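Examining the three-dimensional arrangement
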Amino acid sequence: MNKNGKEYQRCTRCVMDTTDSKINFDEHGVCDHCRTFDEDIKPHWHPDQEGRKELDRIVKKIKEDGKKHDFDCILGMSGGVDSSYLLYLAKEVLGLRPLVFHVDAGWNTQLAVNNIQRLVDGLGLDLFTEVIDWEEMKDVQRAFFRSGVPQIDAPQDYCFFATMYKFASKYNVKYILTGGNYSTECVRNPLEWMYYQSDTRQLHDIHKKFGTIPLKNFPKTNILWHKFWLPYVKGIKLIRPLDYLPYNKQDAMNTLAEKFGWQPYPQKHFESRFTRFYESYWLPERFGYDTRKVQFSSLILTGQMTREEALEELKKPDYDPNEIQHEFEYVADKLDMTVEELQACFRLPKKTYRDYKNEGFVYDFGAWLMRLTGKERGGKR
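Let me sum up the structure you'll find in this document.

About the thresholds
- Residues numbered from 1 in each chain as written.
- Predicted model: local features only at pLDDT ≥ 70, side-chain atom pairs only at ≥ 80, totals over all residues.
- Heavy atoms only, no water.
- Patch = residues over 30% accessible without salt bridge, like charges linked within 9 Å, V, L, I, M, F, W, Y side chains within 5 Å.
- Areas by Shrake-Rupley, 256 points an atom, 1.4 Å probe, with all protein chains shown as cover.
- Salt bridge = Lys/Arg side-chain N within 4 Å of Asp/Glu carboxyl O.
- Helix = DSSP H or I, 4+ residues; strand = E, 2+ residues; numbered from the N terminus.
- Phe/Tyr/Trp six-rings, centres within 6.5 Å; stacked < 30°, edge-to-face > 60°.
- Buried < 20%, exposed > 50% of the residue type's maximum accessible area, 1.4 Å probe, protein only.
- Disulfide = S-S within 2.5 Å.

Taken together, Leu224, Phe228, Trp229, Tyr232 and Val233 make up a surface patch of nonpolar side chains, about 520 Å² in accessible area. Relative to the assigned elements, Tyr232 resides in helix 9 (residues 223-233).

Set out below in structure tokens:
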């Protein structure tokens, strides 16, 4: 039995299981994540000649609209494989002139710093870096630890979203390129694992209850601003170029390594030291949520990994047991906490996003509306 009283079950096609409390299976043991991919994503996803024609049309429009500006699009750079390959694609293959920005929230690994610099230098581009106020960032992250929720990585993602739209508005650029893609992300993290990162009401409620200093410089955004005002009033569009072309994760890494000396990370999202600690240890050990199941399932459904390979990988812990004490010390020290304080947070009663003020109903309505109009594909998070 899992924590929700369900008998344990794993999908017979991918590797999602009943640690996702909302998962359901058909008579063949195939989960709803797989069915969503087959019925809602795959029929409308064209990473082929049809997709390339549509992408060429979009690129032509981007170039025309950006003629009088220094940049014709904006691209956020994390140093991960998706954003790195997208930057290469945008500049070298599509001939775009991106404004490249990076958000430094204080947790970059040296490998990420090196990878970003290699790409930017190799492509002859300038990099705009937004450094988040570290004292405020620490305070928000400590608040999330003390709140007991799973999504302790939300403050980093919140900063990224807020800064991305801030740059687009500041530089009057109408197109934001994002590395989001169906090829490696067609299965979404369940909402209870990772709640919406841009929920301003939730972030401020948690900080009000557990923070200690006022947030004067922390980036600001909200769902109505970036989902409705910017796209429908300001005309700023979010484009996912990787969805229009064949995109294979290993091939992309090989290309980046060959052309720029880019080096891979142990796992998706591990360009951040905090995210590495959070996804490899905190989530699976405290809550039982292993994000590799989502990542591997996406690769299985898109033919980049076998189910057998995924099951073998899942048998191994995602962190080094011999190093985890050092990781606790590193994270605690960065956040001006003692190891004992951080371990006390690990033992707190488990909370969910529902235990704090949130705008979930707005997100749910928006997602329903986007799917109804065909602007978004995919199932529940």
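And the narrative resumes.
Turning our eyes to something else, we now look at the packing of aromatic side chains. What the rule picks out here adds up to 32 aromatic pairs. Between the aromatic rings of Trp45 and Tyr182, the centroid separation amounts to 6.0 Å while the plane-to-plane angle is 70 degrees, which identifies the pairing as edge-to-face. Here Tyr182 lies in helix 7 (residues 182-185) and Trp45 lies in the loop between helix 1 (32-41) and helix 2 (49-65), a separation of 137 residues in the sequence. Just as Trp45 is buried, Tyr182 falls in that class too. Considering the side-chain rings of Phe101 and Phe160, the 5.9 Å spacing of their centres and the 20 degrees angle between planes classify their relative orientation as stacked. Of this pair, Phe101 sits in strand 2 (residues 98-104) while Phe160 sits in helix 6 (residues 154-170), and the two are 59 residues apart along the sequence. Among the residues examined, Phe101 registers a relative accessible area of 0% and is labelled buried. Clustering of aromatic rings is evident, with ring pairs tying together Trp107, Trp134, Phe145, Phe274, Phe277, Tyr281, Trp282, Tyr319, Phe328, Tyr330 and Phe346.

A few words on the state of the cysteines. In total, this model carries zero disulfides according to the counting rule given. Counting only cysteine sulfurs, Cys345 is the nearest neighbor of Cys159, a cysteine outside any disulfide, at a range of 19 Å.

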